[in-house]
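As a plain string of letters, each chain reads:
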Amino acid sequence: MYDAARAHLHTVRDLLRFAVSRFQEAELFFGHGNATAWDEAAYLTLHTLHLPLHQLDPYLDARLLPTEIDAVLQQIEARVTTRKPAAYLTQEAWLGDYRFYVDERVIVPRSFIAELLPHALEPWIEYPELVHRALDLCTGSGCLAILLAEHYPDAEVDGVDLSTEALEVAAINVEQYGLQDRVRLLESDLFTAVEGDTYDLIVSNPPYVDAPSVAALPDEYLHEPELALGSGEDGLDATRAIIENASHLLNPHGVLVVEMGHNREALEPQYPALAFHWLPTSSGDGFVFLLTREQLVEAGF
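Residues numbered from 1 in each chain as written. Predicted model: local features only at pLDDT ≥ 70, side-chain atom pairs only at ≥ 80, totals over all residues. Heavy atoms only, no water.

> Outline the packing of helix 3 (residues 37-48) against helix 4 (residues 66-82), listing residues and values.
Running from amino to carboxyl end, helix 3 crosses helix 4 at an angle of 140°, the nearest separation of the two axes being 9 Å. Comparing the axis directions of helix 3 and helix 4 gives the class oblique. For helix 3 against helix 4, the interelement crossing comes out right-handed. The segment helix 3 lies against helix 4, with Glu40, Leu44, Thr45 and Thr48 engaging Ala71, Val72, Gln75 and Arg79. A per-class count over the contact of helix 3 with helix 4 returns three nonpolar, three polar and two charged. (Axes fitted to C-alpha atoms, helices over the stretch in contact; angles between N-to-C directions. Helix = DSSP H or I, 4+ residues; strand = E, 2+ residues; numbered from the N terminus. Parallel < 35°, antiparallel > 145°, perpendicular 65-115°, else oblique. Left-handed = near helix turned anticlockwise from the far one by under 90°. Contact = heavy atoms within 4.5 Å. Nonpolar A, V, L, I, M, F, W, Y, C, P; charged D, E, K, R; others polar.)

Have a look at this one:
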């Protein structure tokens, strides 16, 4: 199919149409940064052609060299035949304006916490300068640790992860942002490597997919590290451990922010003494909660 298509594809518009058709035909799943076949086609095409990712219109009718057409078709074919998320094909992922290196050693970054830093936390953290130490639990690619360092310029940041391979990727990103002096990466099963340390802000996007959902995940997710997806039968093993231990590592007036997917209805009844603050995100207000150290201590944690 792809060999036959080459003779009839000449412009960016042609390639986009072809890609959308192939993606729809293959019934690909989109959940790693792009929401639709069109978004995925536009991203892969612009990235492969080294064009600005947010300037599609000026190039739609540009005629392409045969080598450029071949390069885009190779990416389209790879996306269909391997069902790898586009981020693994391009080895990059974006959170807002921030670009991160990724490969299959880490989950593709897609955290709502990124859009909440720092303004959504202002009622609890009045000024960025008040954050002197911050912790990113389950740091993966290091993206949230880096964003903490970017948004809280006076903070020293620890990023911890159970996976040594994930930390290798995180180190690449920390170096790319020139933050080696401010972001420390540690192998750790949640808090184990930082016991005795204290922080003004702890954030985490831990594994939170429940066991039935893990078993039913589309093929695209099977390329991601299983360790970064599931967390026990109800998906809340890591979240419970964080809630029940975070107060010991938070300074007075310290804040805990955790992303936990669609598990709000399962989580809240387990902690009736905690009044979770649910932060508004682009997809609703049931995905990220905030708790203060004082709330955790009063609840007996």
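> Can you lay out the nonpolar core for me, pointing to particular residues and giving the numbers?
Counting residues in each nonpolar core, the largest one holds 32 residues, and the members touching the most others are Leu121, Leu148, Tyr152, Val157, Leu201, Val257 and Val288. Only helix 6 (113-116), helix 7 (143-151), strand 6 (199-204), strand 7 (250-259) and strand 9 (288-292) provide two or more residues apiece to this core. The element best represented in this core is helix 7, accounting for seven residues. When neighbours within four sequence positions are excluded, tyrosine 152 is seen to be in contact with Leu117, Pro118, Leu121, Ile125, Pro128, Val131, Arg182 and Leu201. The next biggest cluster of nonpolar side chains, apart from the first, holds 27 residues, and it includes Ala5, Ala42, Leu44 and Leu56. (Core = buried A, V, L, I, M, F, W, Y, C linked by side-chain atoms within 4.5 Å. Buried < 20%, exposed > 50% of the residue type's maximum accessible area, 1.4 Å probe, protein only.)

> Kindly report on unusual backbone geometry, identifying the contributing residues and their values.
One non-glycine residue, glutamine 91, adopts positive backbone phi at about 55°. Even without glycine at this site, leucine 190 takes up a positive phi of about 55°. Relative to the assigned elements, leucine 190 resides in the loop between strand 5 (183-187) and strand 6.

> So what about the sheet that holds strand 7? Which residues, and what values?
One open sheet holds the seven strands; their spatial order is 5-4-3-6-7-9-8, and the pairing between them is mixed. For this open sheet the edge positions go to strand 5 and strand 8 (277-278), each flanked by a neighbour on one side alone. With two bridges joining them, strand 8 and strand 9 adopt antiparallel strand pairing. If you follow histidine 277 over to strand 9, its bridge partner there is leucine 290. Packing of helix 7 onto the sheet brings it into contact with strand 3 (133-137), strand 4 (156-161), strand 5 and strand 6, and relative to strand 3 it is tilted by some 160°. Contacts from helix 8 (residues 164-176) reach strand 4 and strand 5 within the one sheet, and its direction differs from that of strand 5 by about 170°. (Pairing = 2+ DSSP bridges.)

> For helix 7, give the residues involved together with the corresponding values.
For helix 7, the tally of buried residues reaches seven of nine residues, placing the bulk of the element in the interior. Buried within helix 7 we find Cys143, Leu144, Ala145, Ile146, Leu147, Leu148 and Ala149.

> Please give an account of the environment of glutamate 129 that cites residues and values.
Summarising the element assignment, glutamate 129 is placed in the loop between helix 6 and strand 3. By relative accessible area, glutamate 129 is classed as partly exposed at 43%. Distance from glutamate 129 to proline 272, taken between C-alpha atoms, is 33 Å for residues 143 residues apart in sequence.

Geometric descriptors of this kind do not, in isolation, establish any biological role.
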